[in-house]
Amino acid sequence: MTQNDDMKMRFCCALLGLLLLCLPFCSRGQQQQQKQLLIVLVHGMGDTCCNPLSLGKIESLIESSSNAEETNTTKKVISIKFGRNSMRDFISGFIGDAFSLVKDFGCAQLRNAKEEMMMHRDFDSTEKKNDDKVETILLGFSQGGVFARAMVETCEDEVNALITFGAPHSGVWKFPGCDKMANALSRKWCEYSRKVASKAAYSKMLKSKSVQASYFRDVSDAKRFEQYVRSGSLLSVINGEEDGSDDEDARGEERKMKMGQRRREKMCNLDVFAMFSFEKDEVVVPRDSAVFSDAPSVPFEYTEEKSSELLNVRETKFYLNEEDGLCLRELDEKNRMKIDVVPDAHHMQFSLEWFTENVIDKYIVAAPEKREEEVKEEEEEDKKEGVIHSINRFSK
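These figures come from a predicted structure and were not determined experimentally.

Enquirer: How should I be thinking about the overall build of the protein in this particular structure?
Expert: Looking only at helices and strands, the protein features 14 helices and 6 strands. Within the protein, buried positions represent 47% of all 396 residues. Residue pairs at least 24 apart in sequence account for 71% of intrachain contacts in the protein once pairs closer than 6 positions are excluded.

Enquirer: Can you walk me through the sheet that holds strand β3 (residues 134-141) in this structure?
Expert: Sheet strands pair by backbone hydrogen bonding; their relative direction is either parallel or antiparallel. A sheet is described by the order of its strands in space; here 6 strands give the open sequence β2-β1-β3-β4-β5-β6, paired in parallel fashion. This sheet does not close on itself; its edge strands, each paired only once, are β2 (73-79) and β6 (337-342). This sheet shows a mean twist of 15 degrees between the axes of neighbouring strands, independent of strand direction. Judged from the 7 bridges that link them, strand β1 (residues 35-42) and β2 form a sheet pairing that is parallel. Pairing of isoleucine 39 across the sheet is with valine 77, part of β2.

Enquirer: Please explain the pairing of β6 as it appears in this structure.
Expert: A regular strand carries its side chains on alternate faces of the sheet. Summarising burial for β6: 6 of the 6 residues are buried, a large majority. A two-sided burial pattern is seen for β6, the buried positions comprising Met337, Ile339 and Val341 on one face and Lys338, Asp340 and Val342 on the other. With 6 bridges connecting them, strand β5 (residues 272-278) and β6 associate as parallel partners. Pairing of phenylalanine 276 across the sheet is with aspartate 340, part of β6.

Enquirer: Please explain unusual backbone geometry as it appears in this structure.
Expert: It is generally the case that most residues other than glycine have a negative phi and that most peptide bonds are trans. In this structure, the amide linkage connecting valine 285 to the following residue, proline 286, adopts the cis form with an omega of 0 degrees. Following the sequence through the fold, proline 286 ends up in the loop between β5 and α11 (317-320). Omega for the bond connecting valine 298 with proline 299 falls within 30 degrees of zero, at 10 degrees, which places this linkage in the cis form. Residues other than glycine seldom take positive phi values, yet phenylalanine 292 does so here, at roughly 65 degrees. The residue phenylalanine 292 is located in the loop between β5 and α11 in this model. Here phenylalanine 292 falls in the buried class, since its relative accessible area comes to 0%.

Enquirer: Explain helix α6 (residues 143-154) here, please?
Expert: Structurally, the α-helix is built with 3.6 residues per turn, so residues lying three or four positions apart point the same way. End to end, α6 covers 17 Å across 12 residues, agreeing with the expected 16 Å (1.5 Å per residue, within 8%). Here α6 has its buried residues at Gln143, Gly144, Gly145, Val146, Phe147, Ala148, Arg149, Ala150, Met151, Val152 and Glu153.

Enquirer: I tried to follow the environment of serine 170 on my own but got confused; where do I start?
Expert: Here serine 170 lies in the loop between β4 (161-165) and α7 (184-200). The spacing of serine 170 and phenylalanine 216 is 46 residues in sequence and 9.1 Å in space, taken between C-alpha atoms. Residues contacting serine 170, with those up to four places away along its chain left out, are Arg217, Leu235, Asn239, Ser289, Phe292, Ser293 and Phe318.

Enquirer: What exactly am I supposed to notice about the pattern of salt bridges here?
Expert: Side chains that carry opposite charge are capable of pairing whenever their charged atoms lie near each other. This structure, assessed with the given rule, holds 21 salt bridges. The shortest N-O distance in the salt bridge between arginine 314 and aspartate 332 comes to 2.8 Å. A residue pair is termed long-range when its members are at least 10 positions apart, and arginine 314 in the loop between β5 and α11 and aspartate 332 in helix α12 (residues 328-333) qualify at 18 residues. The class for arginine 314 is partly exposed, based on a relative accessible area of 30%. With a relative accessible area of 11%, aspartate 332 lands in the buried category. Here the salt bridges do not stand alone but share partners, grouping Glu158, Arg262, Glu265 and Lys266 into one network.

About the criteria used
Residues numbered from 1 in each chain as written. Predicted model: local features only at pLDDT ≥ 70, side-chain atom pairs only at ≥ 80, totals over all residues. Heavy atoms only, no water. Helix = DSSP H or I, 4+ residues; strand = E, 2+ residues; numbered from the N terminus. Buried < 20%, exposed > 50% of the residue type's maximum accessible area, 1.4 Å probe, protein only. Contact = heavy atoms within 4.5 Å. Pairing = 2+ DSSP bridges. Axes fitted to C-alpha atoms, helices over the stretch in contact; angles between N-to-C directions. Expected span 1.5 Å × (residues − 1). Salt bridge = Lys/Arg side-chain N within 4 Å of Asp/Glu carboxyl O.

Interpretation in functional terms is not warranted from these geometric data alone.
Okay, here's the thing in structure tokens:
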């Protein structure tokens, strides 16, 4: 062997050794591309987590929505169960303490699901185990939309996207007729809950007994509205309206401010906040509460004929206040707030085809950056066609 051949051999050996050293880093790079997606469903009043005719069907639809091998995605879908069994879950939609339901069931099951996903994930010796790598999407249906937003604001775990359907974000101002409920059992519990909520809405002793009282917001009377602000109800807290002046264990202004900043930070971390209303909704009063519309002033006696007088979200105090406490303005400026309507539909009435096209394809299958691009493209197309976005455009 010549000296030249010997040098070539040494060079090849050195190159081979270098390639072998690089292999772990290459495989690690491929591992890090593995996407973990957690979808959490939160049901509303008169429903349960796993009803095969409602959320169970939605759960199955989402699970089969994409090819995990093709997208390199590990996907898990869970539905929050507010109780030990289906009956307790059902009753908890009417009776219970909203804060406890969110914390003890919503936040706890979200944490458990994330931990379970991380346990089944493969890590190399140098990669840090970090559950923030699990992208989390919350879908809240009706009352469950208020609970889902409360989970975003108060749970320790970060959420990447929040999508709500017919959720009374600016409260229910009048209790609807229970004849709109789907079945006799739901109507019976609705009537009971309605009576309790009317009495319990701002009562310290009874408010923990009525879930609906946690988002009842009476704008028809200035004194009643002041009671709402002082009530410490779930909605008054997550909407940043609660002043805590009636709280025996007052946190103090500084602590309250820190908690408000923390809730705002959690909302600002969302890649998407999408809100859907239902064009013919008669259960949520007013129906445009589902997209954060609000009364022009207090007192305001709402009727269907006055629906055109409501402020759209971009005109409300929730959006315009200096602190932007709910981060609505910042999310909107970054094209992360999406407002839409289910056309010609009553409360929670939509087809699986509509849900696939308008929710799964846009917000679940698409990556966060893709979702943002689609929102921008839609707005640009609307501008070209002369479409003006107005929250009340469907109100008659």
